[in-house]
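# Structural overview for review
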Amino acid sequence: MNEPTPVTGESPRALPPVFISYATSDRKQAIAICGAIEQRGLHCWISCRDVEPGGNYQEAIVRAIREAPAMVLIFSRAANRSDEIKKELSLGSRYHIPVLALRIEDVEPSDAFAYELSTRQWIDAFQGWDKSIDVLTAGLSQFTLRVQNDQQTGQLPPPRRFAFTRFSRGNWSSAAILFIIIAAVTATLFLYGAGSNRQVSLAVLPFADLSPARDKAYFAEGIAEEILSSLAVEKNIKVLGRTSARQIERSSSAKEVQALLGVTHLLEGSTRTAGNNLRVNVRLIDTSDGNRLWEEEYNGALSDVFSVQDRIAGAVVRRLRTTLFHADVVRDGLVTKVDAYQAYLAARSLMRDRTKPSLTKALHLARQVIQSDPKFAPGHALYGELLWHLSDAPLSYGDIPTDKARQIARPHALKAIQLAPNHADGYAALGLITWGEKALAPLQRAIQLDPARAELRIWLGISLSQVGRYDEAYEQTRLAAEVEPLWSVSINRVVNIEAASRRFNEALAEVEKFERRGGDEAQALRFRSAIARRRGDHARASAYAEAALARNAALPYIPMSLASDYRLLGLTKLAAAAVPKNNETLRRLLISGPREAVYGQARTLGASLWKRPDADVGIFALSAARDWRGLAALHRAKGLSAQAFCQKYRRSAIPFILALQRTGGGDDARALAECLRAQSTQTFSQSYRDGALAAEDDFDRARLLALAGDKSGAITWLKRAVRFGWLGYDMAGLSSNLADWPEFDGLRADGRLPTLQQQINTTISAQRAQVLSRHAKKTRVD
C-alpha cells in the first residue's frame, strides 16, 4: 500500500477518540493509519503516542478503551498471534465497543479472531489504501456521532467496569445447590472486584468428601467441577482449569497459590452424604492475604440434586447474570437419575488417568449410565470419547481398531447433540472422533459452549495440525495451557510444538515453569526427552526417558519412544527389550526385528494395511524394497483423489508418486506431487511445525526436490535437515541410511551424498557411545 501521511500535531477533540489496537511490529502502519483517520476529521487514541511519559501503560489502555466510541483492529500476521490484542478485543467486547477490523496483510484470522469478529466488518487495506480508509472513517463516524448524540441528549450508557476475559458460555448443571453457590460466589467476586483494577481469577479446588464411609470422593469432585464449569460462563471471572486446580495441595498457603498460578481467589469446600441427605459447605478465600471472604452451608436431598428448587434458583441466577454481567442466555439444565449421575462422575474421574485400565473401567461405567438413562446427553458423549481414547489411533491409549471405534462412537456423539444441542458434550465427542477439516466445526462449537474445557482446544489444535494449519494449532494449544498450566497433556503439546518448530529454549522454559509450579516430575522428564529427540539428540532423549520411566512406569508413549531412540542408534538389544510386550504393531516389528519381516508383513496385509494405526511403517518397507506395484495397488485400494490423499497421508505420500510414475499413473503422480509441494510451501510460510523431529519438513522438501529433478536443491535441503538433527524419520526412526529412500536414487552419483551419510553415521556413533557409557556406569553402580 502507498505510504500515508504520518501523524502530526494534535487534532481537535470535539468527538471522543477511537481506540487503535495493533501489534508492536505494526507500529509504523498504526501511526500512519491513525494519521489518515485524523486527516478525515476524527481523533484516535494510540498507545505509542498518547500514553503520558511515566504513566501506567495498562491503566491508560483500559481507560482509553472504556471511553472509546469504537475500536480499530489493525490486523496482520503479527496481530493474529498477539495475546495483548486479544485482551484488548475482549475488553472492548465487555464494554460493548464496536470494532472495525482493517486488514493490512492478506492473512486469514485465527479461530480466536474469526469468532470474536464474526459479525463485524472487515476492511482490506492491501487492496486499496484511500478507499479502505474512507470506508473505515465512514463507519467510525457513525459510532462516534452516535455516542456524541447520546451525550448531548443525556442518554449516557451505564458505567463500564474493567475485566479481561475470554470465557462466554452457559453450563449444563441445574442442581439447585449448585445454582445457589454459583450465584453467591459470582456476586461476591463481582462486588469484591468492582472497585479494584485487578482481574478476578479463580481456582475451584476439589471438594473434600466427608461422607461417613469416605467413599464419595468422585461425587465431591464432580460437585466442584460443576461449580467450576458454571462460573466459567461469567465473563468477569477467569477460571483455572479443573485438572490444574486438582493438583493444588490443600496444605499450600493462599499466597503460595497466588505466586505460582496467579489466581486471586480460591473456592474450596466439602460434601457430606448420608442416606438421601446432602450437605455442601463452601468457602471463598482471597489469595492476597488468605482471608475468608464468604462461607455458606447448603442442605438438600441427594435424590433431588438436579431439581430441588430448580425454577427458583435458576431464575435467581439468570437475574444476577443479566443484571451484573449482561449475559444473553442461561441454558436449562440436564437432569438424570442420581445413580446414573454418580456413575457418570465416577467415569469422568477415572478418565483423567489416561491409561488403558482406568479408561476401560470408565467405559464400563459410561455404558451403565446410558443404559440407566438413554436420554442423558453427557453419558452418550462420554461413552463416545472413551471409545476413541481406547482405540489404536496414534494419540490414543488402547487397541480397538480405529474404524470400529469411530463406527460405534459416532452415533453416540450425534445422539448427545440431538438430546442437548446447546451443550458442548456432543460436539466435543464428534470432533474428537473426526479427522482433519471436518472436525473443526464441531470442536469450535464445543469451545464456544464450554471455553473452560482445555482439552477441546487441544483436540482442535490436533485437527488444525492435520490440515497443516500449524500456527493456529499452536495458538489453540497455548490457550489450553493457559487454562490448565499444571495439566501434563496441555503442556506436553505446547512443548512438542515449540521443539518441532526449533524453539528449543522456549520449550525448555515451558518445562522449567511447569516444574516451578509443582508439576509432576516424571512428566517433566518426559517433556525434556521429547525436546532432545526433536533436536536429534537421541542419547539425551533416551536418558530422560529412562529417568521418567523409573519414576512412573505407566507414562504413555515413552517405552516406544525409548525403543525408537535405541534402534536409531543401532542398539538393537536395548530396543527390543524396551518395546512394550503387548504391542504387536508393525512399528514394534521394525524396532525389534529385521526390516525384511516388516516388508513381508506389509505385503501379506495388502489393502488391509490401511486399517493399521502404523501404516506408515509398512509403506516405508514397501518403498525401501522398491515394490512399486504393491504401493500402486495400495493407492488404488484407498480410492482417494490426489488432494484428499496428500492431505490425509502427507507424511507417507511421497513413495506413491514414484509408484504411480512407474506403473502408468503419471497424471495422478503429478497431481499428488503438486499437492505435496503446495503443502510444503504452506508449512514454511508459518512460524510453527508439528512433527516427531524438528528436521522432518526440511527432509521432506529435499525428497520432493529430488523427485522434481532439482539435485542441487535436494542436497541443500538435505544438508539443512542433517544440520538440524535428522538421523532418521518418524518416531520409529525408519532409517538413517539415505540409500533406503528411493527418492534419492537420482543423487547416487553426486559426491555430496556420501559426505552427508558420513556425517549422519558419525553423529549416530557418538550418541551410541554415550548411551553405552551411561549403561556401563549404571551396571557398575548396580
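Our subject in this report is the structure included herewith. Owing to the predicted nature of the structure, the values given are computational and were not obtained by experimental measurement. (Residues numbered from 1 in each chain as written. Predicted model: local features only at pLDDT ≥ 70, side-chain atom pairs only at ≥ 80, totals over all residues. Heavy atoms only, no water.)

Below, the discussion takes up the pairing of strand 9 (residues 265-274). Counting buried positions along strand 9 yields 8 of 10 residues, so the element is predominantly enclosed. Bridging between strand 7 (residues 208-209) and strand 9 involves 2 bridges; their strand directions are parallel. Paired with Asp209 across the strands is Thr271, a residue of strand 9. Relative to strand 10 (residues 277-286), strand 9 runs antiparallel, the two being bridged by 10 bridges. (Buried < 20%, exposed > 50% of the residue type's maximum accessible area, 1.4 Å probe, protein only. Helix = DSSP H or I, 4+ residues; strand = E, 2+ residues; numbered from the N terminus. Pairing = 2+ DSSP bridges.)

In the structure shown here, the tally under the stated rule is 2 disulfides. Covalently, Cys646 is tied to Cys675 through a disulfide, its sulfur atoms 1.7 Å apart. Note that Cys646 is positioned in helix 31 (residues 642-648) and Cys675 in helix 33 (residues 666-684), a separation of 29 residues in sequence. For the protein, the bonded cysteines connect in the pattern 1-2, 3-4 when numbered consecutively along the sequence. For Cys48, which is in no disulfide, the shortest distance to another cysteine sulfur is to Cys34 and amounts to 7.9 Å. On the accessibility criterion, Cys48 (28% relative accessible area) is partly exposed. (Disulfide = S-S within 2.5 Å.)

The next subject is the pairing of strand 10. Strand residues, when the strand is regular, have side chains that alternate between the two faces of the sheet. Most of strand 10 sits out of view: 8 of its 10 residues are buried. In sequence, strand 9 turns back onto strand 10 through a hairpin of 2 residues, with Gly275 there showing a positive phi of about 65°.

Evaluation of the coordinates by the stated rule reveals 16 aromatic pairs. Look at Tyr344 and Phe376: their rings are 5.5 Å apart centre to centre, the planes differ by 85°, and that puts the pair in the edge-to-face class. Within this pair, whereas Tyr344 is found in helix 13 (residues 338-351), its partner Phe376 is found in the loop between helix 14 (356-372) and helix 15 (377-389), the two being separated by 32 residues in sequence. Comparing Tyr344 with Phe376 shows no difference in burial state: the two are buried. Their ring planes at 50° and their centres at 4.7 Å tell us that Trp610 and Tyr649 sit as a pair that is tilted. Placement of the pair is Trp610 in the loop between helix 28 (595-605) and helix 29 (615-624) and Tyr649 in the loop between helix 31 and helix 32 (654-662), with a sequence separation of 39 residues. Judged on exposure class, the residue Trp610 and its partner Tyr649 are both buried. Three or more aromatic residues link up through ring pairs in this structure, and these residues are Phe620, Phe699, Trp726, Trp741 and Phe744. Directly above the ring of Tyr427 sits Arg445, whose terminal nitrogen or CZ lies 5.8 Å from the centroid. Sitting above the plane of the Trp717 ring, Arg701 keeps its charged end 4.8 Å from the centroid. (Phe/Tyr/Trp six-rings, centres within 6.5 Å; stacked < 30°, edge-to-face > 60°. Lys NZ or Arg CZ within 6 Å of the ring centre and 35° of its normal.)

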